[in-house]
Structures are given as structure tokens and as C-alpha cells.
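Understanding the architecture of this molecule
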There are 2 protein chains.
Amino acid sequence: MDFTIREGQAGDCTDVSRMIMELAVYEKLPEQVKISHKELEQDGFSDHPFFKLLIAEVSDENKSKDGHTKVGYALYFYSYSSWKGKALYMEDLYVMPEFRGKGIGKALLKRVAQVGQEAGCAQLDFTVLDWNKASRDFYHSQGCWDLTTRMGYHCMRCNGAELRCLAGGEGEN
Amino acid sequence: MDFTIREGQAGDCTDVSRMIMELAVYEKLPEQVKISHKELEQDGFSDHPFFKLLIAEVSDENKSKDGHTKVGYALYFYSYSSWKGKALYMEDLYVMPEFRGKGIGKALLKRVAQVGQEAGCAQLDFTVLDWNKASRDFYHSQGCWDLTTRMGYHCMRCNGAELRCLAGGEGEN
């Protein structure tokens, strides 16, 4: 099946929002999705975009059973390693279930790597869930490695009331 | 001991580079540091900065035994959650050993949280090494939580020859 990988535009955010929810359902955490396609448009396509998109698209005759031609996406942003310098962080890589096994995920990942290479980025980082063996196997087959298993890195977060408390509480400075 | 937390400038990169190496030694990975203060200056203080700095500074009479007044730093950049929107990623938080236990790390973390709050960020992400119990305890005491332990997230990476291969190899698209 032919497909194309192209940069995402503001007009893609409705489809990306749909696929973000599909991915969250796949990851068993749909209640976690709090942003709409309008927020995606604002945050990704203002003067200071917070992320960039790649879209995987098929022709109309190959559209999904629900009529979609945008069938996968990658969402990434520039990051920085204090050891290696410029880097890229891939927040999401997703292909709709009925379009898997056709090289679309691999092509999206390759294009993300190319974007990084062109910008002089030394590494590409992302996360994967430990129960998601299919994704872990895929990433390992593409030359990616697991910092948590191999080096003991843990992902940490502060959010919600705790983040507000941290920002607003009395400090020593 | 009095200290101040302020935004980092290009002129701080020599000290930040020194402290990046100190942190890498503490993390038992000094051979991993590949960038110089010159690259930090270029990457952090161009028209499109890849990161931002906060510097913890003490007065001259409280300088370190080696004569340093810049005794801690935080390196962070804006990131994005496809579930929650705008976010902040803290790459490093460091305080020189002889200045620990004085609230400097807490003040740096608080300032990072404030920067995020002011920019409308919904979460603050970072990593910690599993053997670094002192840091893990500190972050937990500040309301941060562990995505790896609680939800099974693993940190993944592609770099070096594998990243070049991924970007340059033949794909299906």
C-alpha cells in the first residue's frame, strides 16, 4: 500500500487529536487526555510552537473503514542533553491498527531520525510502556535501547496540585 | 547562608560546563560528557535556544573551597504532552556537594516549577537514576512521582551509529 509521510499542518490537528485518543485507549489510559484539537492548533502552530508533527497519509481508495486517510502520526520536539548537546524527543509514534505491518511506523520513525540528523541532534529519546512488548520489540529492532533497563533511569514527574504547591509554596531563597 | 537564584547567561556556561562534569562524575558516567562550554553557549544563547539555565550563586565570602561562587544550576527546556499540553523538561538539577542541605536544590526546583507555571505548563518531567536514593527521596519529598515504578514507563534512546543508520537507511516509504 502506498503512503506518504509529510509535515503536519494546523489543519491536521482534528485527525491528530482523534489518533491521540486512539493511542491513549490502546495504552489503557483514555481518561488522561485533557487537550482538544484547538489546543493542539494553538500550541503547535503559533509563533513559538511547542511541538512538530509528521503525518502518515494514504490515498482515498485506501482509506480506513471509518473513512480516514490520515492513518498515523509522530509528535516530537527539540530537546537537549547536557552531555551530548542538541537532541530530539519523540512524544508519540502511532499508526492506526488496520494500517500496521505496512512499514508506516518505521517510515515515521525514520523521518523523525532524519529531522534530527538535519538539525545536528545527537540523540532521539522517547518512552515506552513495559507491557507493550510489540512496541518495545519494534524499537529494539530499529536500533533503539532501553535506558531504564540498561542504566537504571526512571521517568519522574510533578503535576497537578503538587506542581502548583511546588511553584507557590514558601522556599528558602 | 544567603544565595540567589537567577536566569543563566552565556557567560555562565564555563561554570555550568564545570558543574555538568561534576554531576556526571557523581553519576559515575564522566566519559559520557561530549560537549564543551562553547557548545553550551551556542546551543543555549542563539536565536533559537535549545535550553534555558537557572544559576544558584553565593556571595564572594561564601565561595567554595576552590573559589567558585556559582554553586548550582538547573538546565531545562519546554516540552509537550499530547495528553496534557505544554510542559517543562528538567534535564539537570545540581548543587555542589559542599553546598547541599542549605535549600539551594529546593529553591532551584521551585524556580523551575514557577517558570513552568508562568508559561502555562501542566507538568514537569525529568529522570533520576535508581541507585540515587538521596535524589529520589528529595524529589518524592517535593511532590514528584515515579512514572517508571507506578506506570511502567521506560526511557528509550537511539543515538550514534544506530541513529545515523535509522536516518540514512532504506525505508519503505
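Residues numbered from 1 in each chain as written. Chains lettered and ligands numbered in written order. Predicted model: local features only at pLDDT ≥ 70, side-chain atom pairs only at ≥ 80, totals over all residues.

A separate point is the overall build of chain A. Each helix and strand in chain A was counted, giving 6 helices and 7 strands. In sequence order, chain A lays out its α and β elements as β-α-α-β-β-β-α-β-α-β-α-β-α. Based on the C-alpha atoms only, the size of chain A along its principal axes is roughly 65 × 35 × 35 Å. Put simply, of all contacts in chain A between residues at least 6 apart along the chain, 58% involve residues at least 24 apart. (Helix = DSSP H or I, 4+ residues; strand = E, 2+ residues; numbered from the N terminus. Contact = placed C-beta atoms within 7 Å.)

In terms of burial, strand E5 (residues 123-129) of chain A is a largely internal element, 6 of the 7 residues being buried. Bridge count between strand E4 (residues 85-95) of chain A and E5(A): 3 bridges; the pairing is parallel. Note that in E5(A) the partner of A:Leu88 across the bridge is A:Leu124. For E5(A) and strand E7 (residues 153-159) of chain B, the ladder comprises 7 bridges, and the chain directions are antiparallel. (Buried ≥ 20, exposed ≤ 12 C-beta atoms within 10 Å, placed from the backbone. Pairing = 2+ DSSP bridges.)

A word on the packing of helix H6 (residues 160-168) of chain A against helix H3 (residues 104-118) of chain B. Orientation of H6(A) relative to H3(B), taken along the N-to-C sense of each, is 115°, at an axis distance of 7 Å. One way to sum up the angle between H6(A) and H3(B) is to call them roughly perpendicular. The hand of the H6(A)/H3(B) crossing is left-handed. Contacts from A:Leu163, A:Arg164, A:Leu166 and A:Ala167 of H6(A) reach H3(B) at B:Leu109, B:Lys110, B:Ala113, B:Gln114 and B:Gln117. (Axes fitted to C-alpha atoms, helices over the stretch in contact; angles between N-to-C directions. Parallel < 35°, antiparallel > 145°, perpendicular 65-115°, else oblique. Left-handed = near helix turned anticlockwise from the far one by under 90°.)

When we look at burial in H6(A), the residues that qualify are A:Leu163, A:Leu166 and A:Ala167. Taken down its axis, H6(A) places every buried residue within 95° of arc, on the same side. In this structure, H6(A) carries A:Ala161 and A:Gly168 as exposed residues pointing more than 90 degrees from its buried face. Tucked into the core, H6(A) has its buried residues touching strand E7 (153-159) of chain A together with H3 and strand E5 (123-129) of chain B. (Arc of directions from axis to C-beta.)

A separate point is the sheet that holds E7(B). Strand order in the open sheet made by the 7 strands is E1(A)-E2(A)-E3(A)-E4(A)-E5(A)-E7(B)-E6(A), with mixed pairing throughout. If you trace the sheet from one side to the other, it starts and ends with strand E1 (3-7) and strand E6 (145-146) of chain A, each paired once. Relative to E4(A), strand E3 (residues 70-81) of chain A runs antiparallel, the two sharing 10 bridges. Bridge pairing in E4(A) places A:Leu75 opposite A:Asp92. Here helix H1 (residues 13-26) of chain A sits on the sheet in contact with strand E2 (52-58), E3 and E4 of chain A, set at roughly 80° to E4(A).

A separate point is the environment of B:Gly85. If you trace the backbone, B:Gly85 turns up in strand E4 (residues 85-95). Between the alpha carbons of B:Gly85 and B:Glu27 there is a distance of 31 Å; along the sequence they are 58 residues apart. In contact with B:Gly85, other than residues within four places in its own chain, are A:Ile35, A:Glu39, A:Asp43 and B:Ala122.

Bringing the environment of B:Asp66 into the picture now. Note on placement: B:Asp66 falls in the loop between strand E2 (52-58) and strand E3 (70-81). Considering only alpha carbons, one finds B:Asp66 and B:Ser17, 49 residues apart in sequence, at a separation of 16 Å.

Okay, the nonpolar core next. Soluble globular proteins: nonpolar side chains tend toward being buried together. Among the nonpolar cores identified, the biggest contains 98 residues, and A:Val112 and B:Val112 are the most heavily contacted of them. Residue contacts for A:Val112: discarding those within four places in its chain leaves A:Leu54, A:Ala74, A:Tyr76, A:Leu88, A:Met90 and A:Leu124. (Core = buried A, V, L, I, M, F, W, Y, C linked by C-beta atoms within 7 Å.)

This part is about the interface of chain B and chain A. Interface size is commonly expressed as the accessible surface area that is lost when the partners come together. The interface of chain B with chain A comprises 70 residues on the first partner and 70 residues on the second. A per-class count over the side of chain B that touches chain A returns 35 nonpolar, 19 polar and 16 charged. (Nonpolar A, V, L, I, M, F, W, Y, C, P; charged D, E, K, R; others polar.)

Attention shifts here to the sheet that holds E3(B). Reading across from one edge, E1(B)-E2(B)-E3(B)-E4(B)-E5(B)-E7(A)-E6(B) is the order of the 7 strands in this open sheet, with mixed pairing throughout. Either end of the sheet is taken by a strand with one partner, and the two such strands are strand E1 (3-7) and strand E6 (145-146) of chain B.

Averaged over every residue, the pLDDT of chain A is 95; the share at 70 or more is 97%. If you check the scores for this complex, the pTM reads 0.94 and the ipTM reads 0.94. (pLDDT = per-residue confidence, 0-100.)

All right, on to the relation of the copies chain B and chain A then. Structural alignment of chain B on chain A gives an RMSD of 0.0 Å, achieved by rotating through 180° and translating 0.0 Å along the axis. The superposition operator between the copies reduces to a two-fold rotation axis. Of the residues that chain B buries at the interface, 100% are likewise interface residues in chain A, meaning the two copies contact each other through the same surface. (Least-squares fit on C-alpha atoms with pLDDT ≥ 70 in both.)

Note that A:Gly11 resides in the loop between E1 and H1. Remark: the alpha-carbon pair of A:Gly11 and A:Glu41, spanning 30 residues in sequence, is separated by 8.0 Å.

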